[in-house]
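Residue-level listing of the chains:
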Amino acid sequence: GNSVTQMEGPVTLSEEAFLTINCTYTATGYPSLFWYVQYPGEGLQLLLKATKADDKGSNKGFEATYRKETTSFHLEKGSVQVSDSAVYFCALLNAGGTSYGKLTFGQGTILTVHP
Amino acid sequence: EAQVTQNPRYLITVTGKKLTVTCSQNMNHEYMSWYRQDPGLGLRQIYYSMNVEVTDKGDVPEGYKVSRKEKRNFPLILESPSPNQTSLYFCASSYATGGKSSYNEQFFGPGTRLTVL
């Protein structure tokens, strides 16, 4: 079946540091890939997406590139801020099959940014 | 404002006492889904619904029921809650998906934190 693996957390960085959160996936077909962010006490928000190989999703300074050859979708940001402290989830959307619309999530990575 | 709402946001209950968590969306989405979030496991799908009167099991459906009598509502029912159902629950909705290249953003509710004693 489909699965998503994220790097273990928590990740603690100083403000303006470079961020990478690794994400790899296993899937059949051509899944779409996502990063969701969960701020403290809130629900999940879509951060960025990519729907086909070599697509780059970007939003709020975050970027991730859909790499089919390495089955990866790593999240990066050049200079993090305290306000980026949150839990980040990598996810894939089953394309077709019997579970339309089902998001398969990684385990989440807690990011804490200190001033 | 387009949104998914859930009630209650917090609930503490005892084993065996039936409860319902409501979910409502105002975006006329066909697809709705329930997930539970547990530390180290991410989010796992409980049930989903492609449209009114169409529901199906996700990965962890045991101990849960759902119904979809109206397009906007998708309640999650725990007939006899147990402590292993203590979790954070999220409802999500989107336009219906399907096909090789389909994608529709899922919108999530704020979550319901359930504790079963």
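Before any of the text, the structure's been laid out above.
From a predicted model like this one, the values you see are computed outputs, not experimental measurements.

Caption draft 1: Structural detail: the overall build of chain A. Within chain A, the regular secondary structure consists of 0 helices and 12 strands. Ordering the α and β elements of chain A from the N terminus gives β-β-β-β-β-β-β-β-β-β-β-β. Relative to the 2.2 N^0.38 estimate, which gives 13 Å for 115 residues, the radius of gyration of chain A is 14 Å and therefore close to what a compact globule would have. With respect to the three principal axes, the spread of C-alpha positions in chain A is 45 × 30 × 20 Å. The contacts of chain A with a sequence gap of at least 6 include a subset with a gap of at least 24, amounting to 56%. On chain A, roughly 5200 Å² of surface is accessible, and the fraction owed to carbon and sulfur atoms is 48%. Charged side chains of chain A number 8 positive and 10 negative; the gap between the two group centres comes to 9 Å.

Caption draft 2: How the structure looks around the pattern of salt bridges. Counted under the stated rule, the structure contains 8 salt bridges over all chains. The salt bridge partner of K56(A) is E63(A), with a shortest N-O separation of 3.6 Å. Judged by relative accessible area, E63(A) falls into the partly exposed class, the value being 35%. The partner of E79(B) in a salt bridge is K65(B), with the nearest N and O atoms 2.9 Å apart. Taken together, the residues span a long stretch of sequence, with E79(B) in the loop between strand 8 (76-78) and strand 9 (87-94) and K65(B) in strand 7 (residues 65-66) at a distance of 14 residues. Here E79(B) falls in the partly exposed class, since its relative accessible area comes to 36%. K65(B) gets classed as partly exposed once you look at its relative accessible area, which sits at 42%. Three or more residues are tied together by salt bridges with common partners; here these are K18(B), K65(B) and E79(B).

Caption draft 3: Layout of the sheet that holds strand 7 of chain B. All names here are of chain B. In spatial order, the strands read 1-3-8-7; together these 4 strands make up an open sheet with antiparallel pairing. If you trace the sheet from one side to the other, it starts and ends with strand 1 (4-7) and strand 7, each paired once. For strand 1 and strand 3 (residues 19-25), the ladder comprises 4 bridges, and the chain directions are antiparallel. Among the inter-strand pairings, Q6 is bridged to a residue of strand 3, identified as C23.

Caption draft 4: Examining the layout of surface pockets more closely. Of the volumes computed, that of the largest pocket is approximately 430 Å³. Lining the largest pocket are 26 residues; nearest its centre among them are Q38(A), Q37(B), L88(B), F90(B) and R113(B). For the lining of the largest pocket, the secondary structure elements donating two or more residues are strand 10 (86-93) and strand 12 (109-114) of chain A together with strand 4 (31-38), strand 9 and strand 11 (112-116) of chain B. Considering only residue class, the lining of the largest pocket consists of 12 nonpolar, 10 polar and 4 charged. Estimated volume of the second largest pocket: approximately 290 Å³. Within the residue set of the lining of the second largest pocket, elements represented by two or more residues are strand 6 (44-50) of chain A together with strand 10 (107-108) of chain B. Residues that form the lining of the second largest pocket fall into these classes: 9 nonpolar, 5 polar and 3 charged.

Caption draft 5: Spatial organisation of a nonpolar patch on the surface. Taken together, the side chains of I12(B), V14(B) and L117(B) present a nonpolar region at the surface, about 320 Å² in accessible area. Within the secondary structure layout, I12(B) lies in strand 2 (residues 10-13).

Caption draft 6: The pairing of strand 7 (residues 56-59) of chain A, seen in detail. Residue and element names in this part refer to chain A. Sheet topology note: the strand 7/strand 8 (residues 62-65) ladder contains 4 bridges and is antiparallel. From the neighbouring strand, K56 faces strand 8, where its bridge partner is T65. In this antiparallel pair of consecutive strands, strand 7 and strand 8, the connection spans 2 residues, and K60 shows a positive phi of 55 degrees.

Cut-off values and rules
- Residue positions are given per chain, counting from 1 as you read along its sequence in written order.
- Each chain gets a letter, beginning with A, and each ligand a number, beginning with 1, in the order they are written.
- Local features are withheld for residues below a pLDDT of 70 in this predicted model, meaning they are given only at 70 or higher, and side-chain atom pairs are given and counted only at 80 or more; totals for whole chains, interfaces and linings count all residues.
- Each side-chain value is worked out from all heavy atoms of the structure, with water and hydrogens disregarded.
- For helices the rule is a DSSP run of H or I covering at least 4 residues; for strands it is a run of E covering at least 2, with both sets numbered from the N terminus onward.
- Atoms considered for the radius of gyration are the C-alpha atoms alone. The globule rule reads 2.2 Å times the number of residues to the power 0.38.
- Throughout, a contact is declared for two residues whenever any of their heavy atoms are within 4.5 Å.
- For every accessible area listed, the method is Shrake-Rupley and the probe measures 1.4 Å; residues are considered covered only by the protein chains on display.
- When charges are tallied, Lys and Arg are placed among the positive residues and Asp and Glu among the negative ones, while His and the ends of the chain are skipped.
- Here the site of a charge means atom NZ of a Lys, CZ of an Arg, CG of an Asp or CD of a Glu.
- Salt bridges are counted wherever a side-chain nitrogen of Lys or Arg sits within 4 Å of a carboxyl oxygen of Asp or Glu.
- Classification of residues uses two cut-offs on accessible area relative to the type maximum, computed with a 1.4 Å probe and protein chains only: under 20% is buried, over 50% is exposed, and between them is partly exposed.
- The pairing criterion for strands is at least two bridges between them, as found by DSSP.
- Put simply, the grid is 1 Å and covers the protein atoms alone, a cavity is a trapped set of points that fit a 1.4 Å probe, a pocket is an open set with protein on both sides within 12 Å along at least five of seven lines, and lining residues have an atom within 4 Å of a point.
- Grid points are joined across faces, edges and corners, and a volume is the space filled by probe spheres set on the points.
- Residue polarity follows a fixed list, in which Ala, Val, Leu, Ile, Met, Phe, Trp, Tyr, Cys and Pro are nonpolar, Asp, Glu, Lys and Arg are charged, and the others, Gly among them, are polar.
- Note on patches: the residues involved have over 30% relative accessible area and no salt bridge, like charges join within 9 Å, and the nonpolar side chains Val, Leu, Ile, Met, Phe, Trp and Tyr join within 5 Å.

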